[in-house]
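# A closer look at the structure
Chain by chain, the residues run as shown.
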Amino acid sequence: MATTVEAPGTSPIGRSTPRVDGPLKVSGAAKYASDFHFPGMLYAVPVGATIANGRVVKIDAAAAEKMPGVRKIFHRENIGKISRSVLGPGFEGICDERRPPFEDDVVRYYGQYIALAVADTFESAKAAADAVRVSYDKEKPNVSTDLKADDEPQVVVTTFGPANRVRSERGDAAGAFASAPVKLDQTYVTPAETHNPIELHATTAIWDGSTLTLYESSQGVFNLQGVLAQMFGLPKENVRVITKFLGSGFGGKLWPWTHCPLAAAAARQLGKPVKLVVSRKMMFQTVGHRPRTQQRVRLGAAADGKLISLQQDYVNDKAILDHYHEDCGEATAFQYSVPNLRVAFGRAKRNIGSPTAMRGPGAVPGLYATESALNELADQLKIDPVQIRVLNEPKIDESLGIPFSSRHLLECFSVGAEKFGWSKRTAEVGSMKRDGLTLGWGMAGCTWVAARFPAAASVQLRDDGTARVACGTQDIGTGTYTVLAQLTAQRAGVPLDKIEVVLGDTSLPAGPISGGSMVTGSVIPAVFAAADNAIASLLNIAVTTPGSAFEKRKPDELAFEGGRVFAKVDGVAKGVPFADLLGRANLRLVTGGGEGAATFGNPKPKFSTQSFGCHFVEVTWQAEIARLRVSRVVTVIDAGRILNPLAGRNQVEGAVVMGIGMALFEHTTYDPQNGAPINSNLADYVMAVNADVPPIEVHFLDYPDKEINELGARGIGEIGLAGIAAAITAAVHHATGVRVRELPVKIEDLI
Ligand code: MOS
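What you see as residue numbers is a count from 1 along each chain, following the sequence as written. pLDDT decides what is reported in this predicted model: residues at 70 or higher carry local features, side-chain atom pairs at 80 or more are listed and counted, and totals for whole chains, interfaces and linings draw on all residues regardless. Each side-chain value is derived from all of the structure's non-hydrogen atoms; neither hydrogens nor water enter the calculation.

### Some thoughts on the side chain of asparagine 78
With respect to the helices and strands, asparagine 78 occurs in the loop between strand S3 (70–74) and strand S4 (106–107). Whether two residues touch is decided by their heavy atoms; if any such pair falls within 4.5 Å, the residues are in contact. Sequence-distant contacts of asparagine 78, defined by excluding residues within four places in its chain, comprise Lys72, Ile73 and Gln269. Here a strand is any run of E in DSSP of at least two residues, a helix any run of H or I of at least four, and the numbering for each starts at the N terminus.

Right under this line is the structure:
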C-alpha cells in the first residue's frame, strides 16, 4: 500500500507545507473583497421583493430619497442599461440567473432585487432601503417540495464528464429489473441546501472613465469579467476583476449574481466607487443554493449481490428563468459494474432563486441515493456492504468503454476497513454497544471527476534570488497560493519563502475557475512551462553576457538545477546562482510564460479520469434521550499524487464535516405562503459545528495519475463530501433500525 509520506530530499512536492498566506490571514492583513476602501466610496443596500410571485406595481422612494446621506434610490426606471450576457468560448459568460437585475417588473422569487439604496454610509443606505415602499400584484407562489418533472424525463448525458460520455443508458434496464431475482425500489430525497461561507458575497465597483474595476468575492474572475463586459457593453480589457482572498465559496461564488451588476450600474451613474455587501439573509435568497432532489433508485440483482439492473430517475427543482440541472447521475454510469442501466432526469419549476453548483454538484446528492440503495440491497441480501461493492467492481469505465487512468477503489475499501476495524462489525441492528451507547457502523464509496481546465501562468526569476509566480486563478481558502509556491519552488529551485505568489486578478495570465476540484491539476503544466521558459531565457543570458562563467558555451551545454546554472560537463557543484548571472548582465529579472491545455470536455479521451474513495462511519445512539452523534470517521481518498498532505487533509476533513451537516442538519425551508426561505440566518440554518465533529482520520493512497499532469495530481476539494451522507444514514440504520431516506435525519425520524 502507498501512503503519503514526506518526499525525499528537498522537493516541496508531497511535503506537508503550511499556508504561505497564513500569516497574512491570521494578522488580518489579507484583504477580502469588502476590505477595500476608496476615497468618496458609497454604500449600496438592495431592496428585496417580499413576495415570490407577481408584479411590482409601484415603488415609492420619496421618503427614502429625503433621508440624510442618501445619494439615490435606483430601480427599473433609473438604473440605466444593463444588457444580457450569453455564453462565450470556454468558461466565459456563465451565470445561473441570466436575467439582468431590474429587467422587468415581474417578481419570480422572494428576495429578488427590485431597488437599490445608495448612501454615504452603510447605515444610511440600510435605513433608506428599509424606507422604500413597494406595492405588488401578488400571486400564490409555488414552492412545493413534492417534485414531479415539468416535462418528459430525459436520459442523462452527463454534463460534467468527457464531452462524449455515453448516454446513461445501456442494455434493457426495465426488462432486466422485471426479471431480476432480487429487487430494490426506493426514493431518496435531499433538501435545498444553502452555501454559507463565512465571507459574504461582496462587490466594490469603480468606474474610471471607460474602465470598470470590480473587487469581488469570486471563484472565477475571468468569467465574471466576460459577463460584466457584456452587461455594460465594454471591451473585455476594460473590465478588471480582483479577488485576492476568498472566505470560501463552496460553488456559490463560481458565477456572477445580480448584486454585482447593480453595484457597477450605481458606480457608473454616481461616478463614485460603490460597495455592496450581500447580507446573510440575502445569501439564502439571491446567490444560489443546492436544489432539492428526489431520486428513485431501482436495483435488480442476482441472489449473490451481483447487479443486473440499475435505474435512477431524479428530479430537481429549479427557478422560473434558469434551467439548472443537478447532475445526480454524474457518477452512476461508471461507479459500479452493471450491464443494464438507465439514468433519467427532469426538472420542476418553482418560485425560488436560481439553484447553482454546491460542493460536489450532482455527484454528492446522486451518490447519497445510489450508495444508500446499495447499502440497503446488501442488508436485504445479508451481504457485507464492502463485499457487495467489491463484487460489483468494474474492469473499465462501462459508460465510456475505456479504462480508468488510475482506479484504486478496492484498495480504498481494504485500507478503510482495516483502519476502522470493520471486521469487528456485527450485522444485526442494535447489536453493538459501548459505554451504554448503541453503536452504528456504516460505509459508502465515493468518486469525483478529475480533469484540467486551460491555464496560463508566468514565472519570473529576479536578481535578488527571489521568484514571482502569477496566475489569474483564485484561492478559495483551499491552498492555491501555497500550491503555486510549491510548484515554482520545485521547478526554479527557489525556497518557498523567497517566492511571491500573485493571483486573483484578470490582469494576470488567465487561470482556471476555482471549481470542479481542478485548480491544482490545471496549473501544474502552466507553472512548469512558465518556469522552464524563464530558465531557457536565463541560459541564453548565461552564454551571451560578457564576463559570464559560461560565455564560451552554447545554451544546450548548460543545465539548471536547484536555482543554479551549470555546465553539464562540470556538474551542478560548479554552478552559478541565477541571481549572480542576472546581476552580471544588469538584468532585474527574466520572465517565462507557460500554458496548460484543457482535458475537460475532451471529446475522445483514452482514459476515464476520476478520483475515488470511501468513508467508514460510526454513530452513537442514546435512545433514552434520543441523542445521535457521529463519533468516528475514517476516510480514504485515491486522488493521485497529493502535493501538500497538510492542505489535502484539511480539505477532506472539511468536506466530512460538511457531510455531517448534510446528513443531520442542513436544509433550507420555504414558507408556502410567501415563498421566503424561512430559516435564513445562521441560528436557524443548522450546520455542523465543532461540537458535532468527531475524530476524522484521513488516509490518502498516493498513486500518481500521469494522465492528468506530470506530477500525477488530481483534485481533492469536493470528493470528501461525496458518499459521506450515505455512510452516516447506513450507520444510523445499523444503530436504530430506522431507514431515513429524506435528508437531513431528524430526531423525530428516530423516536
Ligand atoms: Mo465547486 S461546486 O466546483 O466550487
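### Examining the pairing of strand S20 (residues 467–471)
Of all five residues in S20, four are buried; the element is thus mostly enclosed. Taking the residues between adjacent antiparallel strands as the criterion, strand S19 (residues 455–462) and S20 are bridged by four residues, where glycine 465 takes a positive phi near 85°. Strand pairing is assigned whenever DSSP detects at least two bridges linking the two strands. Both S20 and strand S21 (residues 499–503) contribute to a ladder of five bridges, which runs parallel. Its bridge partner being in S21, valine 469 is matched across the sheet by valine 501. A 1.4 Å probe rolled over the protein chains alone gives each residue an accessible area, and that area as a share of the maximum for its type sets the label: buried under 20%, exposed over 50%, partly exposed in between.

### A look at the sheet that holds strand S2 (residues 54–60)
Across the sheet, three strands lie side by side as S4-S2-S6; this open sheet has antiparallel pairing. This sheet does not close on itself; its edge strands, each paired only once, are S4 and strand S6 (133–138).

### As for the packing of aromatic side chains
For any pair of aromatic rings, the description rests on two quantities: the centre-to-centre distance and the angle between the ring planes. Stacked, tilted and edge-to-face are the three classes applied to pairs of Phe, Tyr and Trp rings, where Trp contributes its six-membered ring and a pair requires centres within 6.5 Å; stacked means planes under 30 degrees apart, edge-to-face means over 60, and tilted covers the rest. Tallying each qualifying case throughout the model produces 17 aromatic pairs. Between phenylalanine 453 and phenylalanine 600 the ring centres are 5.2 Å apart and the planes differ by 70°, which places this aromatic pair in the edge-to-face class. With a gap of 147 residues between them, phenylalanine 453 in the loop between strand S18 (437–449) and S19 and phenylalanine 600 in the loop between strand S25 (589–596) and strand S26 (610–622) connect regions that are remote in the sequence. The buried category is assigned to phenylalanine 453, whose relative accessible area is 2%. Ring centres of phenylalanine 560 and phenylalanine 578 lie 6.5 Å apart, and the angle between their planes is 35°; this geometry places the pair in the tilted category. Here the residue phenylalanine 560 occupies a position in strand S22 (residues 558–561), and phenylalanine 578 occupies one in helix H14 (residues 578–584), the gap between them amounting to 18 residues. With a relative accessible area of 15%, phenylalanine 560 lands in the buried category. Among the residues examined, phenylalanine 578 registers a relative accessible area of 4% and is labelled buried. Feature note: the residues Phe420, Trp422, Trp441 and Phe616 constitute an aromatic cluster, connected by ring pairs. Counted as over-ring charges are cases with an Arg CZ or a Lys NZ within 6 Å of the ring centre that also lie within 35 degrees of the ring normal. Cation over ring: arginine 632 sits above phenylalanine 420, and NZ or CZ is 4.0 Å from the ring centre.

### Digging into unusual backbone geometry
For residues that are not glycine, phi is negative in most cases, and the peptide bond is trans in most cases. Following leucine 743, the chain continues to proline 744 via a peptide bond in cis, the omega torsion being -5°. Turning to its location among the elements, proline 744 is positioned in the loop between helix H16 (724–736) and helix H17 (747–750). With a phi angle near 70°, phenylalanine 102 is a residue other than glycine that sits in the positive phi range. You can see phenylalanine 102 is positioned in the loop between S3 and S4. For phenylalanine 102, a relative accessible area of 5% gives the class buried. Phi angles above zero are rare outside glycine, and asparagine 586 is one such case at about 55°.

### A word on the layout of surface pockets
A volume near 410 Å³ is recorded for the second largest pocket. Contributing to the lining of the second largest pocket are 23 residues, with Pro46, Val47, Gly48, Asp130 and Met282 lying nearest its centre. Breaking the lining of the second largest pocket down by element, the ones donating at least two residues are strand S1 (42–48), helix H3 (122–131), S6 and helix H7 (280–283). Any residue with an atom within 4 Å of a point lines the site, the site being either a cavity, points on a 1 Å grid over the protein atoms alone where a 1.4 Å probe fits but cannot get out, or a pocket, an open set with protein on both sides within 12 Å along at least 5 of 7 lines. Grid points are joined across faces, edges and corners, and a volume is the space filled by probe spheres set on the points.

### Side note on the sheet that holds S26
Hydrogen bonding along the main chain pairs the strands of a sheet, whether they run parallel or antiparallel. Strand order in the open sheet formed by five strands is S17-S18-S26-S27-S28, with mixed pairing between adjacent strands. Each of the sheet's edge strands pairs with one partner strand only, and the pair in question is strand S17 (432–434) and strand S28 (696–701). Averaged over all pairs of adjacent strands, the angle between their axes in this sheet comes to 30°, without regard to strand direction. To get an axis, fit a line to the C-alpha atoms, keeping to the stretch in contact for a helix; angles then go from 0 to 180 degrees between the N-to-C directions. Its contacts with the sheet place helix H11 (residues 409–420) against S18, S26, strand S27 (627–638) and S28, and it is angled at close to 25° to S26.

### Section: the environment of aspartate 120
Of note, aspartate 120 is situated in the loop between strand S5 (113–119) and H3. Separated by 79 residues in the primary sequence, aspartate 120 and methionine 41 place their C-alpha atoms 7.4 Å from one another. If we skip the residues at most four places from it in the chain, aspartate 120 touches Met41, Leu42, Tyr43, Gly69 and Arg71. Engagement of the side chain of aspartate 120 in a polar contact is seen with the side chain of arginine 71, the distance being 2.7 Å. In the analysis that follows, any N or O atom pair within 3.5 Å is treated as a polar contact, provided that within protein one partner can donate a hydrogen and the other can accept it, and provided that, for residues neighboring in sequence, both atoms belong to side chains.

### Here's the deal with the pattern of salt bridges
Whenever Lys or Arg places a side-chain nitrogen within 4 Å of a carboxyl oxygen from Asp or Glu, that contact is recorded as a salt bridge. In this structure the tally under the stated criterion is 33 salt bridges. When the shortest N-O distance is used, the salt bridge between arginine 290 and glutamate 193 registers 3.1 Å. Residue arginine 290 is located in the loop between H7 and strand S14 (293–301), and its partner glutamate 193 is located in the loop between strand S9 (182–190) and strand S10 (202–208); the two are separated by 97 residues in the primary sequence. Judged by its relative accessible area of 1%, arginine 290 falls in the buried class. For glutamate 193, a relative accessible area of 4% gives the class buried. Of the charged contacts, one joins glutamate 557 and arginine 553 as a salt bridge, the two residues approaching to 3.3 Å between their closest N and O atoms.

Structural measurements only, silent on function.
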